[in-house]
Amino acid sequence: MKRIVAILLFAIVALPAWAFDFEVHQPAGYSLYFNFVDDEDNAVEVTCPTPGANYSWQGHRAPSGILEIPAQVEYKGTRYKVVAIGERAFSGCADISGVNIPTTVTDIGSYAFYQCTGLRGIVTIGENIISIGRSAFYGCSGITKVQFNAIGCETMGGSKSTTAFGNCRSLTSIAFGPSVKVIPDYAFYGMDLLVCEWQMPRDLEYVGEYAFAYCYSIYGKLTLPDGVRKVSSYAFAQCHSLLQLELPSRLSRIDNRAFYQCIHLKEITALAMTPPMLDGEVFGGVKRSATLNVPCISVDRYAQAEEWMTFLNRRAIEPCKLDIYAKVSDPKSGIVLGAGSYKIGSTATLTAVCRSGYAFKCWQDGNKDNPRTVTVDDTITYVANMQKAEVIREVEYIHDTTYMDGVEVVYEYFEINDWAEPLAGQKEIVYNKQRRRIEVPIDKKDILSVALYNDAGQCVATGKPRRGHINMRRFPTGYYIVRISTPDDEQMLRFFHNKNK
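Residues numbered from 1 in each chain as written. Predicted model: local features only at pLDDT ≥ 70, side-chain atom pairs only at ≥ 80, totals over all residues. Heavy atoms only, no water.

### Quick look at the environment of Ala451
Line of reasoning, step 1. Examined against the element boundaries, Ala451 turns out to sit in strand 36 (residues 449-454).
Line of reasoning, step 2. On the basis of relative accessible area, Ala451 is assigned to the buried category, the value being 9%.
Line of reasoning, step 3. Counting along the chain gives 32 residues from Ala451 to Arg483, while the straight-line C-alpha distance between them is 5.1 Å. (Helix = DSSP H or I, 4+ residues; strand = E, 2+ residues; numbered from the N terminus. Buried < 20%, exposed > 50% of the residue type's maximum accessible area, 1.4 Å probe, protein only.)

### Some points on the sheet that holds strand 9 (residues 120-125)
Line of reasoning, step 1. Taken together, the three strands give an open sheet; going across it, the order is 9-11-13, and neighbouring strands pair in parallel fashion. Each edge of the sheet is formed by a strand with only one pairing partner; in this case those strands are strand 9 and strand 13 (173-176). Taking the axes of each pair of neighbouring strands and ignoring which way they run, one obtains an average angle of 20° across the sheet.
Line of reasoning, step 2. As judged from the four bridges shared by strand 11 (residues 142-148) and strand 13, these two strands associate in the parallel manner. Considered in strand 13, the bridge of Val146 is made with Ile174. (Pairing = 2+ DSSP bridges. Axes fitted to C-alpha atoms, helices over the stretch in contact; angles between N-to-C directions.)

### Points about the side chain of Thr291
Line of reasoning, step 1. For Thr291, the position within the fold is in strand 22 (residues 291-295).
Line of reasoning, step 2. The class of Thr291 is buried, set by a relative accessible area of 12%.
Line of reasoning, step 3. If near-sequence neighbours (up to four positions away) are discounted, Thr291 is found in contact with Lys266, Glu267, Ile268, Asn313 and Arg315. (Contact = heavy atoms within 4.5 Å.)

### Topic: the layout of surface pockets
In this approach, a probe sized like a water molecule rolls over the atoms, and the result shows the empty space that is left.
Line of reasoning, step 1. Counted as a void, the second largest pocket has a volume near 230 Å³.
Line of reasoning, step 2. Lining the second largest pocket are 15 residues, and of these Ser249, Leu271, Lys321, Leu322 and Asp323 sit closest to its centre.
Line of reasoning, step 3. Tallying contributions element by element places strand 24 (residues 321-328) first for the lining of the second largest pocket, with four residues.
Line of reasoning, step 4. Residues of the lining of the second largest pocket, tallied by class, amount to nine nonpolar, three polar and three charged. (1 Å grid on protein atoms, 1.4 Å probe; cavity = no way out; pocket = protein on both sides within 12 Å on 5 of 7 lines; lining within 4 Å. Points joined across faces, edges and corners; volume = space filled by probe spheres on them. Nonpolar A, V, L, I, M, F, W, Y, C, P; charged D, E, K, R; others polar.)

### Structural notes on unusual backbone geometry
Line of reasoning, step 1. Here Asn370 and Pro371 are connected by a cis peptide whose omega angle stands at 5°.
Line of reasoning, step 2. Position of Pro371 relative to the elements: it lies in the loop between strand 28 (358-363) and strand 29 (372-375).
Line of reasoning, step 3. The backbone of Lys76 sits at a positive phi, close to 50°, despite the residue not being glycine.
Line of reasoning, step 4. Within the secondary structure, Lys76 sits in the loop between strand 5 (72-75) and strand 6 (78-85).
Line of reasoning, step 5. Within the chain, Gln261 stands out as a residue other than glycine whose phi angle is a positive 60°.
Line of reasoning, step 6. Tracing the sequence through the fold places Gln261 in the loop between strand 19 (253-254) and strand 20 (267-270).
Line of reasoning, step 7. On the basis of relative accessibility, which here comes to 23%, the residue Gln261 falls in the partly exposed class.

### Things to note about the nonpolar core
Line of reasoning, step 1. Membership of the largest hydrophobic core comes to 91 residues, with the highest contact counts inside it found for Phe90, Phe113, Phe165 and Phe259.
Line of reasoning, step 2. For Phe165, the residues in contact, after removing those within four places along its chain, are Ile125, Phe137, Ile143, Val146, Met156, Leu171, Phe188 and Met191.
Line of reasoning, step 3. By size, the runner-up hydrophobic cluster in this structure holds 17 residues, among which are Ile324, Tyr342, Trp363 and Met386. (Core = buried A, V, L, I, M, F, W, Y, C linked by side-chain atoms within 4.5 Å.)

### Examining the sheet that holds strand 30 (residues 380-388)
Line of reasoning, step 1. Taken in spatial order, the four strands make up an open sheet running 26-24-30-28, and their pairing is mixed. Each having just a single partner strand, strand 26 (340-343) and strand 28 make up the two edges of the open sheet. Ignoring strand direction, the axes of neighbouring strands in this sheet form an average angle of 30°.
Line of reasoning, step 2. Pairing analysis gives five bridges linking strand 24 to strand 30, with the strands arranged parallel. Within strand 30, the residue paired with Lys327 across the bridge is Val383.

### With respect to a negative patch on the surface
Line of reasoning, step 1. A surface patch of like charges, here negative, comprises Asp38, Asp39, Glu40 and Asp41.
Line of reasoning, step 2. In this structure, Asp41 sits in the loop between strand 2 (31-38) and strand 3 (43-47).
Line of reasoning, step 3. What makes Asp41 exposed here is its relative accessible area of 54%. (Patch = residues over 30% accessible without salt bridge, like charges linked within 9 Å, V, L, I, M, F, W, Y side chains within 5 Å. Areas by Shrake-Rupley, 256 points an atom, 1.4 Å probe, with all protein chains shown as cover. Salt bridge = Lys/Arg side-chain N within 4 Å of Asp/Glu carboxyl O. Lys, Arg positive; Asp, Glu negative; His and termini not counted. Charge placed at Lys NZ, Arg CZ, Asp CG, Glu CD.)

### Side note on the packing of aromatic side chains
Line of reasoning, step 1. According to the stated counting rule, one finds 33 aromatic pairs in the structure shown.
Line of reasoning, step 2. Note on Phe176 and Phe212: the rings are 6.2 Å apart at their centroids and 75° apart in plane angle, and the pair reads as edge-to-face. Here Phe176 is found in strand 13, whereas its partner Phe212 is found in the loop between strand 15 (206-207) and strand 16 (220-223), with 36 residues between them in sequence.
Line of reasoning, step 3. By relative accessible area, which is 14% here, Phe176 ends up buried.
Line of reasoning, step 4. Between Tyr186 and Tyr210 the ring centres are 5.2 Å apart and the planes differ by 5°, which places this aromatic pair in the stacked class. One end of the pair, Tyr186, is in the loop between strand 14 (182-183) and strand 15; the other, Tyr210, is in the loop between strand 15 and strand 16, and 24 residues separate them in sequence. When sorted by exposure, Tyr186 lands in the same class as Tyr210, which is buried.
Line of reasoning, step 5. A cation over a ring is seen here: Arg88 above Tyr111, with NZ or CZ 4.3 Å from the ring centre.
Line of reasoning, step 6. The positively charged end of Arg288 is found above the aromatic ring belonging to Phe311, 4.5 Å away from the centroid. (Phe/Tyr/Trp six-rings, centres within 6.5 Å; stacked < 30°, edge-to-face > 60°. Lys NZ or Arg CZ within 6 Å of the ring centre and 35° of its normal.)

### Some details on the confidence of the model for the chain
The predicted coordinates should not be examined in detail at positions where pLDDT is low.
Line of reasoning, step 1. Mean pLDDT over the chain stands at 80; residues scoring 70 or higher make up 75%.
Line of reasoning, step 2. The model gives residues 1-17 a pLDDT under 50, and that stretch makes three contacts with residues more than four places away or in other chains. (pLDDT = per-residue confidence, 0-100.)

Encoded structure:
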């Protein structure tokens, strides 16, 4: 009896173990296999036909050539969206030479392309990918470049021994899409053959733990974009060929050993006014003779900050400039002029210009000056709060002629919460040689002042009280804003001045 049982068990083990819900035949002659992952959204993942340790296509025709993964498939009259490439889906498929992954796919499973040794050239990680599993492309010895476009990839590989591109012996280049915000933990750990210069994505915010650790051959200068607030532990540890490092002005923290044993680092530029907090031996192994460039106003701060003080060759960045940022609370409501880089101690003039249907309310700190003059002593962002234009009472058209560079511009204004602004519809001005000045008679009201601002928000001229005449002959072609103050209200009008007509 025991002998019979043993035979039955053997028979059960020998039967094929199907690991898919349905298959779809492809024009190239092979089938792709799918599992349901979300019935409500009609979502499926690509899977392998049979389970296996390394090669999961035993007994089935495996894909070859360029693998086209479809964005959707049809089964029994229902269309399904392909959202994932499942675990070991193409493991060991050595005849795949390239793969095109649709934008619908958000997850690439562990070992999905494990030991696909025929996969060559560039592999593109799309913008919508949020997870890449353990050893997903391990042993793909023909891959030479990764084009990484994933905006918010949360996991990639997961550990030192299961990095997504481990043992990819020909991989020498990584390029990032400009919209990438996250480089996950262990993303490119141990890619010691990478020889490209550092090119970090423009919108980068986070660099994960060990993200580039032990990338011995990446050389040149590393510039972290301004959106990076923190650098994680061991992120660039053992990057021996790194020569220069530039840290952004908004960086506030660098974690343990982030740049450990970057032994050839010769120059560090830290743009933050307040020295970023260093948690642990951040620059362990970096020679203290390396030059540390810091904002001129912050030399003493870095000289007193932990670990920063150990760099004895500190230099002030000249000229001493800071960035002034300016924006509106609602991009549809208008623009703010005057942002830019200014010398420390100088002044910047910010002018909020409303679009039709909106009125200036105040700045984020409650200040109601517009234009607003600020002293530049720190990197700061000013936000102009706008509000919907509420018409309290309309005023009749102004019959006195208002000349803007020789073209008659008739406009009306209305009261908006004690603020007056011109209506929309001003014309672009065509220069008239017979009239080289702005004349602003305002319905017989006394004019207290008239000021002219260029498109950068700088005041370039003021008119004489009670006359309001500004001669335009000396000003270059461009957009200008005229600001008129009377005892009762203030008005602003944007116009185009063309000196060559």
